[in-house]
Protein chains: 2
Amino acid sequence: MERVSIKTIAEQLGISVTAVSLVLNGKERGETSGRVGKEMAEKIRQAAREMNYEPNNLARGLKMGRSETIGLVIADISNLFFANLAFHIQEHAEKFGYGVIITNTNESDLKMEKMTKILERRQVDGFIIVPTEYGEPYVRNLTRRNIPVVLIDRYYPKLNVSAVVIDNYKASREITNNLVESGCRHIGLIIYKSALHHMKERKNGYVDELKDHGLFNPSLIKEVSYSYLSEDIDIAIESLLMKDETIDGIFFATNTLSLMGLKRMLHADPQALSKIKVASFDKSDAFDFMHVTIPYIQQPIPEMGKSAVELLMKQIKTDDKEAVTIKLQAQLEYNKV
Amino acid sequence: MERVSIKTIAEQLGISVTAVSLVLNGKERGETSGRVGKEMAEKIRQAAREMNYEPNNLARGLKMGRSETIGLVIADISNLFFANLAFHIQEHAEKFGYGVIITNTNESDLKMEKMTKILERRQVDGFIIVPTEYGEPYVRNLTRRNIPVVLIDRYYPKLNVSAVVIDNYKASREITNNLVESGCRHIGLIIYKSALHHMKERKNGYVDELKDHGLFNPSLIKEVSYSYLSEDIDIAIESLLMKDETIDGIFFATNTLSLMGLKRMLHADPQALSKIKVASFDKSDAFDFMHVTIPYIQQPIPEMGKSAVELLMKQIKTDDKEAVTIKLQAQLEYNKV
DNA sequence: ATAAAACAATAAAACGTTTTATCAATATTT
DNA sequence: AAATATTGATAAAACGTTTTATTGTTTTAT
């Protein structure tokens, strides 16, 4: 009922709140000031235990000027990739005694602005953000005021802000090369139509690799829009399957794309996978049920979360303003067939 | 740099903080006290806008005794079912001006205790909890102190606390009946070995429905443990496939179980699905790639989230201590084949 | 003209912490 | 015995709000 505060304990014991605060923060042995005797300290600790005292983090945050809370702005928590990322960020933040407030943007720039504002009001000590396509101004707005920010999964190349990403270009080349090595000669790409740099890198990796093998054909690139995903994918798949030179490979740039694309492919032609080899960024549960090998890029999600938290913590604890970009390597893996 | 507070604005305009606070909270037209003139009010609003003032929610929360924050304790955010639930809870809480702090328990009772403590320190106004198997004492610890709590997805039947659940028993009977109606006579069940009430209900639904048809056979129930999931499922599937009376149906009690179970089944026998009909609680992405019809129970996730938030809000705003259990109905659906 | 009512604005206390400066008492050194 | 150090404890300010009680000032009613 009546919340027990430091004051409650002080009154109970007939001493000052200072003493209680000092002891409960392990600062009772100050050099020059703020000392509490051994027996008194023990009495305080015991009282706190008995009364089930839990510190009020609002008050502490107000006083200390930090909330020990991270604001996490995610594009879509119901996408497994991001949900996993959120999970690891949280697990790691906890080790620093930090809590995490998660918010969604649904890839909307407007919501991104709104969410950063809401989190600021809650006095988060820093942000980890999966930024939206045109959210750059809102990120800049934060960094300009020296608020700690780490971007994750994606970043704005022109913006000087810390980020944790993977080498999308390299991974994309690698997996495209894998298709080529397996004998594919006409390889389609299904990718989001987006200004986001990581999407461009995935596209460039595919393009450059195919050019190196003299296999590049711009008409095999299908860009789909996030807003009309289902329709666009249907169109893309159909037009790829109708090509004159029958295509023998498709590279999907995300797991959502591969999931939806595979559905459509197999719906149009149950035998499609025996003629067309598929590769993808990120794994999907469906792969394990395909009877062919599907290479995919496995991103190091736990490390990404860990790095992001650590990068942010460094910014928070020191006021080292230098922007650091951590580029992690992704793995090429295969489903079990 | 220097955070702008209500005081900054007051000084800027050479007036009192009271005036600023009143205006910014729309309380400038008090009946008997706390008035601010029209022109002054406008000046304040403009200054606030120009200076990009954002209120400090820590200070406000401290003063008001509420943080406008919900503590969400989830069993596993990287499970799509819970991720979706979290998403909807958040979307809905936002409409009330509430933020959500999400934490994970990984089904561990210890972590559940820890997480509720952490959230309490952060002064959340209430909890929405997916409780763990033996987490009952920690929930009771909260309700005993009149802290608003809503359980979701699962609940403790003996504990008098608000909850949002689906009618697991009914759904389970329904889907079992569906298998029977399609001609299955030897139907296995793969379910978690757990004391959680909703699991028992799922089991009971299956048992009672089969008994009604004179088809019940206890040796077809396989209980797997959360900690050794992969191994236990392999064993369960194998032993079901080896049965004397060849089984012709399997009911998986969760989407994780069906996903892993299907993998194992198809690995053991690629044609398994032509002999054994499968049904499941919750949908999995894999279903769309099976070439047979798979009935599954679709839980109304958005409504669950909405109801939980609304129930919690009522507890927070009024101090209506009465526990309410909302039992939603789940739908029987089919994959597109 | 005066009393009453309405209006505008503010001072100050409070929420629960942390921390600095200060004080008093005891112990240690000269 | 006096001077100095050490120890134990506290008062008070501050963090940024909200809100109540109070004080002036103007307008309206008598």
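Caption draft 1: Quick peek at the packing of aromatic side chains. Inspection of the entire model under this criterion finds 8 aromatic pairs over all chains. Arranged with centres 5.2 Å apart and planes meeting at 65°, the rings of phenylalanine 81 of chain A and phenylalanine 82 of chain A form a pair that is edge-to-face. Taking relative accessible area as the criterion, phenylalanine 81 of chain A reaches 7% and is therefore assigned buried. Between tyrosine 192 of chain B and tyrosine 226 of chain B the ring centres are 6.0 Å apart and the planes differ by 55°, which places this aromatic pair in the tilted class.

Caption draft 2: How the structure looks around the interface of chain A and chain B. In this complex, chain A contributes 50 residues to the contact, which on the side of chain B involves 49 residues. With both sides pooled, the region where chain A packs onto chain B buries about 4700 Å², and carbon together with sulfur makes up 55% of that total. The largest share of the area that chain A buries against chain B comes from Leu58, Arg122 and Phe289 of chain A, three residues that together contribute 16% of it. Applying the counting rule to chain A against chain B returns 10 salt bridges. One salt bridge connects lysine 263 of chain B with aspartate 288 of chain A, and the closest N-O pair in it is separated by 2.8 Å. Of all elements in the fold, only α4 (57-64), α5 (80-95), β2 (99-104), α6 (109-121) and α11 (255-268) of chain A reach the threshold of two or more residues within the side of chain A that touches chain B. Tallying contributions element by element places α5 of chain A first for the side of chain A that touches chain B, with 7 residues. A class-by-class count of the residues in the side of chain A that touches chain B yields 20 nonpolar, 15 polar and 15 charged.

Caption draft 3: Focus on the packing of α6 of chain A against helix α7 (residues 136-144) of chain A. Residue and element names in this part refer to chain A. Where α6 contacts α7, the axes come no closer than 9 Å and their chain directions differ by 25°. Classed by the angle they form, the pair α6 and α7 counts as roughly parallel. Taking contact as the criterion, the partners of Asp109, Met112, Glu113, Thr116 and Glu120 in α6 are, on α7, Tyr138, Val139 and Leu142.

Caption draft 4: The protein's contact with DNA strand D, seen in detail. Looking at DNA strand D, there are 28 residues lining it, with Arg29, Arg35 and Gly37 of chain A together with Ser21 and Arg60 of chain B nearest. Atoms of DNA strand D within 4 Å of the protein: sugar and phosphate make up 52%, bases the balance. Within the contact set of DNA strand D, a phosphate oxygen lies 2.8 Å away from a side-chain nitrogen or oxygen of tyrosine 53 of chain B. In the model, a phosphate oxygen of DNA strand D is placed 2.8 Å from a nitrogen or oxygen of the arginine 60 of chain B side chain. Where the surface near DNA strand D is concerned, the elements lending two or more residues are α2 (17-24) and α4 of chain A together with α2 (17-24) and α4 (57-64) of chain B. Examining the composition of the surface near DNA strand D, we find that 4 residues originate from one element, α4 of chain B, more than from any other. The residue makeup of the surface near DNA strand D, split by class, is 11 nonpolar, 11 polar and 6 charged.

Caption draft 5: Structural context of the relation of the copies chain A and chain B. For the match of chain A to chain B, the screw axis carries a shift of 0.0 Å, the RMSD comes to 0.1 Å, and the turn is 180°. Between the two chains, the operation in question is that of a two-fold axis. Most of the interface of chain A is mirrored in chain B, where 96% of its interface residues are also at the interface.

Caption draft 6: Examining the environment of leucine 266 of chain A more closely. Here leucine 266 of chain A shows up in helix α11. Apart from residues no more than four positions distant in its own chain, leucine 266 of chain A is found in contact with Leu273 and Met290 of chain A together with Phe289 of chain B.

Caption draft 7: Here's a closer look at unusual backbone geometry. Residue and element names in this part refer to chain B. The backbone of glutamate 68 sits at a positive phi, close to 55°, despite the residue not being glycine. Among the structural elements, glutamate 68 can be located in the loop between α4 and β1 (69-74). The exposure class of glutamate 68 is partly exposed, given its relative accessible area of 27%. Positioned with a positive phi, aspartate 153 is a non-glycine residue whose angle comes to about 75°. With respect to the helices and strands, the residue aspartate 153 is situated in the loop between β4 (149-152) and β5 (163-166).

Caption draft 8: Layout of the sheet that holds strand β10 (residues 295-298) of chain B. Residues and elements named next belong to chain B. With respect to topology, 6 strands assemble into an open sheet ordered β7-β6-β8-β9-β10-β12, the strand pairing being mixed. Since the sheet does not close on itself, it has two edges, and those belong to β7 (221-224) and β12 (331-334), each with one partner. This sheet shows a mean twist of 20° between the axes of neighbouring strands, independent of strand direction. Here 2 bridges tie strand β9 (residues 277-281) to β10, and the two strands are oriented parallel to one another. Looking at the pairing, serine 280 lines up with tyrosine 296 of β10. With respect to the sheet, helix α8 (residues 168-181) is in contact with β6 (187-192), β8 (249-252), β9, β10 and β12, its orientation differing from that of β9 by roughly 170°. Set on the sheet, helix α9 (residues 197-212) makes contact with β6, β7, β8 and β9; between it and β6 the angle comes to about 170°.

Caption draft 9: Geometry of the protein's contact with DNA strand C. Residues in contact with DNA strand C amount to 29 residues; listed here are only the nearest, Ile6, Ser21 and Tyr53 of chain A together with Arg29 and Gly37 of chain B. The sugar and phosphate moieties of DNA strand C supply 52% of its atoms located within 4 Å of the protein. The backbone of asparagine 56 of chain A places a nitrogen or oxygen atom 3.3 Å from a phosphate oxygen of DNA strand C. Within the backbone of glycine 37 of chain B, an N or O atom sits 2.4 Å from a phosphate oxygen of DNA strand C. Put simply, the parts of the chain that give the surface near DNA strand C at least two residues each are α2 and α4 of chain A together with α2 and α4 of chain B. A total of 4 residues in the surface near DNA strand C trace back to one element, the largest contributor, which is α4 of chain A. Within the surface near DNA strand C, the residues separate by chemical class into 11 nonpolar, 12 polar and 6 charged.

Cut-offs used in this document
- Residues numbered from 1 in each chain as written.
- Chains lettered and ligands numbered in written order.
- Predicted model: local features only at pLDDT ≥ 70, side-chain atom pairs only at ≥ 80, totals over all residues.
- Heavy atoms only, no water.
- Phe/Tyr/Trp six-rings, centres within 6.5 Å; stacked < 30°, edge-to-face > 60°.
- Buried < 20%, exposed > 50% of the residue type's maximum accessible area, 1.4 Å probe, protein only.
- Contact = heavy atoms within 4.5 Å.
- Buried area = accessible area lost by both parts, 1.4 Å probe.
- Salt bridge = Lys/Arg side-chain N within 4 Å of Asp/Glu carboxyl O.
- Helix = DSSP H or I, 4+ residues; strand = E, 2+ residues; numbered from the N terminus.
- Nonpolar A, V, L, I, M, F, W, Y, C, P; charged D, E, K, R; others polar.
- Axes fitted to C-alpha atoms, helices over the stretch in contact; angles between N-to-C directions.
- Parallel < 35°, antiparallel > 145°, perpendicular 65-115°, else oblique.
- Near = heavy atom within 4 Å.
- Polar contact = N/O pair within 3.5 Å; in protein donor to acceptor, adjacent residues only side chain to side chain.
- Least-squares fit on C-alpha atoms with pLDDT ≥ 70 in both.
- Pairing = 2+ DSSP bridges.

Geometric descriptors of this kind do not, in isolation, establish any biological role.
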